[in-house]
Amino acid sequence: MSSNSICAVITDETLAAARRSIQQAAAVADLIEVRLDYLRDFDFSNPENLRSFLEVKSQPVILTCRSVEEGGKQHVDDAIRLRLLVEGARQLADFCDIEAAHYEAAATLAPDPSRLIVSYHNLTETPSDLDAIYDRLSGLPAAIHKIATRARSITDTLAIFKLLARARSEGRNLIALAMGEAGIITRVLGPAYGGFLTYGSLAAGEGSAPGQLTCEELREVYRVHGISRDTVITGIIGGKVAHSLSPVMHNRAFAALDLDFVYLPIEVDDLDGFFRRFVRAESRELGWNLRGLSVTIPHKVSVTRLLDRLDETARRVGAVNTVVVEDGGLAGYNSDVHGAIAPLERVCALEGRLCGVIGAGGAARAVVYGLLSRGARVTVFTRDPKKGAALGESFGVEVEPLASLESSEVEIVINTTPVGMRGHSEGTSPVSRSALRGRRVVYDLIYTPLETRFLADAKAEDCQMINGLEMLAVQAEAQFELWTGRKPPDSLMEKAALESITAR
Ligand code: NAP
């Protein structure tokens, strides 16, 4: 077994499916946990019944039949449940996982401590007295102790990393993780920071706990087996990042260049607290080898005041999408500008060109700055010109109501609003089809779906179309270069993002 172990959690409802999953897991995991409480056609009363599916195992198996109070799927009488686990581990499996609350009852069955995992779960929060919980738990003889709590925010993961460091220094086997999307970093880094294993599901959407990644993601995207405490850390910080395409793009490029880097989705609500406790060298509480961060909604503007220097582009745009952690402090860059403009420049020269930008948010600022820096003439169209006034003043461009786009002379139209995006307003467009008639290029920054209603209308009007995928890849390539000093292989990031979009 690798020292960083991935444990596939089997959550099938039938014995036949569980048997198939155990066989499948051999290709992606180092251990297997069978969640018996998910099984609907299983007779829990006789441990011998486990043989029907455990006979196909080729890896160590943990048996778990979780009590309903700690997240179990069905009620199984405690006496039956505990006997099944203790006897099953003794005769047919390798470990059984028993909640600390049931330790005494299980002790009457004389379990083999070398096959015992004693666990504590808190599905609602990460309690402030986690050390005391660990003290109580580790007083119960077992091969492995496990603490799984719910991360309400990224700062809750600090308590988990502290426990892992403590267990490491005491020479104990500990599984510690924070559930929920804010806890994903504990699932990826946990084993390298002292955890006995990390859990993964066999298929997306089949996770047994919130925030759980698939075994394939842990292996192939995050390359968990190769992570150590020296691995250079990068990641994306934002409000909702669990489904971001950036980890797939960056991690694929790190792997292609054989770089000991990993890129993580980091859900951050309290930006100041995150910078103080995780980022700033003088106050950070996590001993990680942090090199850089991508920054997304809603932190692109507010992050600027937490940095030591901004490059010219970030300063002029007033927003940062890339942070580089340097010896002398934190530097901010804006690769959205280059990302947004490069795809346009590939199809036409921008000097003197009349451009219409729809929307006046963060992305619009990057687009307007980029267009002006290439000598284009820009008008911004917004649903509320008063709201767009600040952007108009910052860059000295006209701001018009959206309705006047139709009668304007612009040759290039760029949508920077989220209108038409999957999960937001798919199938709608910020403007009517007739407003796109006769335009030379129509560009949508959205990349899911790849063809929005806005672009479908442009296609119907014979305009040249550009979607947001290339921007996504180009801005990521620039970030990658800032952090590693290397260029990612040509079109690798775009290909990784495209594969991920089409697989979803
Ligand atoms: P943002 O700061 O929230 O700005 C959104 C803008 O859209 C605001 O001006 C908003 O106007 C306007 N808007 C929203 N709904 C509208 C509607 N129904 N009709 C007209 N205008 C509307 O967001 P952002 O960071 O600029 O991002 C915007 C889009 O760009 C997102 O879809 C994002 O995915 C995309 N993007 C893509 C890339 C890439 O790499 N391809 C990079 C960055 C962003 P109000 O102020 O009136 O609400």
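Residues numbered from 1 in each chain as written. Predicted model: local features only at pLDDT ≥ 70, side-chain atom pairs only at ≥ 80, totals over all residues. Heavy atoms only, no water.

## Some words on the overall build of the protein
Definition in use: Helix numbering and strand numbering both begin at the N terminus, where a helix is a DSSP run of H or I of at least 4 residues and a strand a DSSP run of E of at least 2. Categorising residues by exposure relies on relative accessible area from a 1.4 Å probe, with only protein chains included: less than 20% of the type maximum marks a residue as buried, more than 50% marks it as exposed, and the intermediate range marks it as partly exposed. Any two residues whose heavy atoms approach within 4.5 Å at even a single point are treated as in contact.
The secondary structure content of the protein amounts to 17 helices and 20 strands. Overall, the protein is about 85 × 50 × 40 Å in size when its C-alpha atoms are taken along their principal axes. Evaluated residue by residue, the protein yields a buried proportion of 56% over its 504 residues. Intrachain contacts of the protein at a sequence separation of at least 6 include 68% that bridge at least 24 residues.

## Here's the deal with helix α5 (residues 130-138)
Quick reminder: α-helices carry 3.6 residues per turn. Residues three or four places apart thus point the same way. As a reminder, the rule being used: Arc definition: it is the arc formed by the directions from the helix axis to the C-beta atoms.
By the burial criterion, the buried members of α5 are Leu130, Ile133, Tyr134, Leu137 and Ser138. Angularly, the buried residues of α5 cover 120° about the axis, an arc narrow enough to put them on a single face. As for α5, its buried residues are in contact with β5 (116-122), β6 (144-150), α6 (156-170) and β7 (174-179).

## A few points about the site of the ligand
Worth spelling out the cut-off: Residues are labelled near a given molecule or strand when at least one of their non-hydrogen atoms is within 4 Å of it. Counting of polar contacts relies on pairs of N or O atoms within 3.5 Å, with two restrictions inside protein: one atom must be capable of donating a hydrogen and the other of accepting it, and residues adjacent in sequence are counted only when both atoms are side-chain atoms. Residues are grouped as follows: Ala, Val, Leu, Ile, Met, Phe, Trp, Tyr, Cys and Pro are nonpolar; Asp, Glu, Lys and Arg are charged; every other residue, Gly included, is polar.
Taken together, 20 residues sit near the ligand, with Ala360, Ala363, Arg383, Thr416 and Leu445 positioned nearest. With respect to the ligand, the backbone of Ala363 contributes an N or O atom lying 2.7 Å from an oxygen atom. Contact between the ligand and Leu445: a nitrogen atom at 2.8 Å from a main-chain N or O atom of the residue. Broken down by secondary-structure element, the contributors of at least two residues to the shell around the ligand are α13 (362-373) and α16 (469-484). For the shell around the ligand, a count of residues per class yields 11 nonpolar, six polar and three charged.

## Here we look at the state of the cysteines
Which entries qualify depends on this criterion: Two cysteine sulfurs form a disulfide in these notes if their separation is within 2.5 Å.
Inspection of the entire model under this criterion finds zero disulfides. Between Cys7, a cysteine without a disulfide, and Cys215, which holds the nearest cysteine sulfur, the sulfur-to-sulfur distance is 7.6 Å. In this structure Cys65 is a free cysteine whose sulfur lies 11 Å from that of Cys96, the closest cysteine sulfur available.

## Focus: the domain arrangement of the protein
The test is simple: Throughout the structure description, domain borders are defined by an automatic or database domain assignment. In short, buried area is how much 1.4 Å probe accessible area vanishes from two parts on joining, totalled over both.
The domains assigned to the protein are domain 1 (5-217), domain 2 (237-334 + 481-490) and domain 3 (337-467). A C-alpha centroid distance of 27 Å is found between domain 2 and domain 3. Facing the six residues of domain 2 at the interface are six residues of domain 3. Here domain 2 packs against domain 3, burying approximately 590 Å² in sum over the two surfaces, 64% of which is carbon and sulfur. If you look at where domain 2 meets domain 3, you find two residue pairs in polar contact (both at pLDDT 80 or more). Within the side of domain 2 that touches domain 3, the residues separate by chemical class into two nonpolar, two polar and two charged.

## Observations regarding the environment of Ala281
Mapped onto the secondary structure, Ala281 falls in the loop between α10 (271-279) and β11 (289-295). A relative accessible area of 63% means that Ala281 is categorised as exposed. With 44 residues separating them along the chain, Ala281 and Val325 place their C-alpha atoms 8.9 Å apart.

## Here we look at the sheet that holds strand β19 (residues 441-444)
Two strands in a sheet stick together by hydrogen bonds in their backbones, pointing the same way (parallel) or opposite ways (antiparallel). Put simply, the rule reads: Here, a strand pair is defined by DSSP locating no fewer than two bridges between the strands. As a rule, the C-alpha atoms of each element are fitted with a line to give its axis, helices using only the stretch in contact, and angles between N-to-C directions run from 0 to 180 degrees.
Within the open sheet, the six strands sit side by side as β17-β16-β15-β18-β19-β20. Their pairing is parallel. Looking at strand neighbours, the two that pair on one side only are β17 (398-401) and β20 (464-466), the edges of this open sheet. This sheet shows a mean twist of 20° between the axes of neighbouring strands, independent of strand direction. Where strand β16 (residues 377-382) meets β17, four bridges bridge the pair, whose relative direction is parallel. Across the sheet, Thr379 pairs through a bridge with Glu398, a residue of β17. In this fold helix α12 (residues 336-347) packs onto β18 (412-415), β19 and β20, with an angle of close to 155° to the strand it touches most, β19.

## Concerning the packing of α12 against α16
Angle between the axes and distance between the axes: these two values describe a pair of packed helices. Note the threshold: Here the angle decides the label: under 35 degrees means roughly parallel, over 145 means roughly antiparallel, 65 to 115 means roughly perpendicular, and every other value means oblique. Note on convention: the crossing is left-handed when the near helix lies turned anticlockwise from the far helix by less than a right angle, right-handed when the turn is clockwise.
Viewed as axis vectors pointing N to C, α12 and α16 meet at an angle of 130°, and their least axial separation amounts to 8 Å. One way to sum up the angle between α12 and α16 is to call them oblique. Two packed elements cross with a definite hand, and for α12 against α16 that hand is right-handed. Contacts between α12 and α16 involve Asp336, His338, Gly339, Ala340, Ala342, Pro343 and Arg346 from the first element and Glu470, Met471, Val474 and Gln475 from the second. In terms of residue class, the contact of α12 with α16 is built from five nonpolar, three polar and three charged.

## Things to note about the nonpolar core
This is how it is decided: To define a nonpolar core, start from buried Ala, Val, Leu, Ile, Met, Phe, Trp, Tyr and Cys residues and group those joined through side-chain atoms within 4.5 Å.
Judged by nonpolar contacts, the single largest core of 91 residues is most densely connected at Leu36, Val188, Phe275 and Trp288. Top contributing element to this core by residue count: α6, with six residues. The contacts of Leu36, once residues within four sequence positions are left out, are Phe44, Leu50, Phe53, Leu63, Thr64, Cys65, Gln74, Leu84 and Leu85. Core analysis: the next-biggest nonpolar cluster, separate from the first, contains 29 residues, Tyr369, Leu371, Val378 and Ile414 among them.

## Some details on α16
Put simply, the rule reads: Every helix has an expected span of 1.5 Å times one less than the residues it contains.
If you check α16, its first and last C-alpha atoms are 22 Å apart, about what 16 residues at 1.5 Å a residue would give, namely 22 Å. In terms of residue burial, α16 counts as a mostly covered element, since 13 of its 16 residues are buried. Residue Gly485 follows α16 closely and has a positive phi angle near 75°.

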